[in-house]
Structures are given as structure tokens and as C-alpha cells.
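Below are the chains, spelled out letter by letter.
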Amino acid sequence: MRVMKLVPLPCPTYIYTPHAHKIRACSSSTQKSRRAFSLSALTLSLSALVFSNGNGPTTSISWANPQVPKFLELPNSGGVKSLDLRIGDGETPLDGDVVAIHYYGRLAAKQGWRFDSTYDHKDETGEPIPFSFVLGSGKVISGIETAVRSMKVGSLRRVIIPPSQGYQNTSQEPLPPNYFDRQRLFTTIFNPTRLSNGEGTTLGTVIFDIEFVSLRHL
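All figures in this text were calculated on a predicted structure; none of them were measured in a lab.

Engineer: Would you mind showing me how to read the overall build of the chain here?
Structural biologist: Secondary structure assignment for the chain yields five helices and nine strands. Listed N to C, the secondary structure of the chain is β-β-α-β-β-β-β-β-α-β-α-α-α-β in terms of helices and strands. Across the 218 residues that make up the chain, the buried fraction comes to 37%. Within the chain, counting contacts between residues at least 6 apart in sequence, those at least 24 apart form 63% of the total. Just so you have it, the chain exposes about 12,800 Å², and 55% of that area is on carbon and sulfur atoms.

Okay, structure coming up:
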């Protein structure tokens with residue numbers, strides 16, 4: 001007479017991947033391995049995501065070849081580092097062109113605090129309003145001008161801008177329209193006490209996700 005041994009199975013457990021797919025784990029070992037894979041995949045995915053509040057563009061690395069993306073320093077940029085998240089197929093601008101971009105701006109300090117986003121600036125129809133400026137005019141912080149100058153229309157790029165290429169004074173654009181955000185940005189970057197303590201590099205570093213929307217030749 002054959003004796004059959006019944007092994008109780010644990011209750012179904014679901015693991016959520018970065019794309020919100022549910023995976024059913026039927027054993028503790030499988031559950032642990034899949035959880036480890038899920039966390040690893042989540043880390044890789046987040047490293048390539050555009051940090052937005054849900055209104056901006058997002059992108060992720062290819063699952064077929066999951067590699068941690070690397071920032072590259074733009075030539076003759078004064079230390080601006082760039083990561084291309086999407087390559088457009090439009091024109092590359094020249095100085096004097098009117099360029100329109102969407103951006104999502106954050107401080108490297110204050111846990112990556114978002115100080116402004118054009119995706120929050122809506123017209124009467126509810127569409128986000130891009131930020132326009134004349135390339136080479138000097139009215140915009142040089143790190144953004146440097147980044148846009150080598151982009152094609154339709155591209156999406158993340159840039160890390162050091163203090164020397166960021167805000168040098170309170171009149172440089174882009175300026176957060178909200179008074180509280182604008183004051184918090186500048187009181188952080190130009191904080192005299194913290195600057196005297198040698199924190200200038202951290203305080204003044206800004207991160208922008210830039211989407212090149214269009215250009216117009218003058």
C-alpha cells in the first residue's frame with residue numbers, strides 16, 4: 001500500500017513588480033527569490049525613471065538589457081552631467097532660436113525637493129504650458145542652455161547642474177512662479193551660513209528633466 005504524504009502549501013502571496021503585474025508565489029523559497037528579483041528590478045527601473053508628480057513624461061530602461069544608466073559630462077559644459085532618456089528626431093537648435101521646453105526642476109539638497117515643473121503650469125484648456133526662451137540670451141541658467149544646445153526636438157534629458165552653471169542670482173530663469181517655492185529655492189542656494197560652512201556645492205546643485213518640445217528660427 002503506497003502512503004502519500006501531503007505537504008501543506010503557504011497561502012498565495014503576491015509580489016508587485018514596477019509595472020504593477022502580480023506574481024503569485026507558491027513557496028517560501030520562490031517568494032524570497034522573486035521578491036529579491038522584484039526589488040532589484042525596481043531599483044534599476046527607478047534609476048532611469050523621470051521623477052515627476054504624475055503629470056510629466058516617464059521612461060524606463062529596457063528589460064531585455066537591464067543596465068544601470070550612467071551620466072556623462074557634456075563637453076565644454078563646466079561640469080554639467082547628462083543622461084539621455086529619449087532621443088528625438090527633430091532639429092538641433094542654434095543660438096538665437098526660440099526654444100520651448102518642459103522641465104521638472106529639483107534641488108540636490110532637501111531630499112530632491114521639487115521647486116518647479118512646467119507640467120503644473122496649465123492654460124485655459126488644461127494643457128501644460130512649456131517654457132520658452134531665446135537660446136544664447138544668457139537669461140536662463142547656463143546649465144540648461146548647454147543641455148538644450150546639444151538636444152534634438154523630441155528629446156528627453158536629465159541633467160545635473162553644478163552651482164557654477166546654475167543659479168548665480170535671483171533674476172535668472174527659470175523662476176518658480178509660486179512665491180513660496182521661489183523663496184525657498186533661493187534661501188537654500190544662497191544661505192550665507194551654510195555657504196560659509198562649505199556646503200555651497202550641495203546647496204547650489206540642481207537637477208532638471210528637460211523635454212525639448214519645439215524650436216522656432218528668428
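Engineer: Whenever I open this one, the pattern of salt bridges confuses me. Can you help?
Structural biologist: Oppositely charged side chains may form a pair once their charged atoms are brought near each other. Across all of its chains, the model carries seven salt bridges by this definition. Of the charged contacts in the structure, one is a salt bridge between Arg86 and Glu211, with a shortest N-O distance of 3.0 Å. Pair noted here: Arg86 is in strand S4 (residues 81-86) and Glu211 is in strand S9 (residues 206-216), with a separation of 125 residues, a long-range link. On the basis of relative accessible area, Arg86 is assigned to the partly exposed category, the value being 33%.

Engineer: Any chance you could explain unusual backbone geometry here in plain terms?
Structural biologist: Generally, phi is negative for residues other than glycine and the peptide bonds are trans, each holding for most cases. Each neighbour pair has its own omega, and for Glu173 with Pro174 the value is 5°, a cis peptide bond. On the secondary structure map, Pro174 appears in the loop between strand S8 (156-161) and helix H3 (179-189). A positive phi angle is found at Asn76, which is not glycine, with a value near 55°. By the secondary structure assignment, Asn76 is in the loop between strand S3 (72-73) and S4. Despite not being glycine, Gln111 shows a phi value in the positive range, around 55°. Within the element layout of this structure, Gln111 appears in the loop between strand S5 (98-107) and strand S6 (114-117).

Engineer: Please explain the environment of Arg114 as it appears in this structure.
Structural biologist: If you trace the backbone, Arg114 turns up in strand S6. Spatially, the C-alpha atom of Arg114 lies 9.3 Å from that of Ile207, the residues being 93 residues apart in sequence. Apart from the residues lying within four places of it in its own chain, the contact partners of Arg114 are Tyr104, Gly105, Arg106 and Asp120. Reaching out from Arg114, the side chain makes a polar contact with the side chain of Asp120 at a distance of 3.3 Å.

Definitions and limits used
Residues numbered from 1 in each chain as written. Predicted model: local features only at pLDDT ≥ 70, side-chain atom pairs only at ≥ 80, totals over all residues. Heavy atoms only, no water. Helix = DSSP H or I, 4+ residues; strand = E, 2+ residues; numbered from the N terminus. Buried < 20%, exposed > 50% of the residue type's maximum accessible area, 1.4 Å probe, protein only. Contact = heavy atoms within 4.5 Å. Areas by Shrake-Rupley, 256 points an atom, 1.4 Å probe, with all protein chains shown as cover. Salt bridge = Lys/Arg side-chain N within 4 Å of Asp/Glu carboxyl O. Polar contact = N/O pair within 3.5 Å; in protein donor to acceptor, adjacent residues only side chain to side chain.

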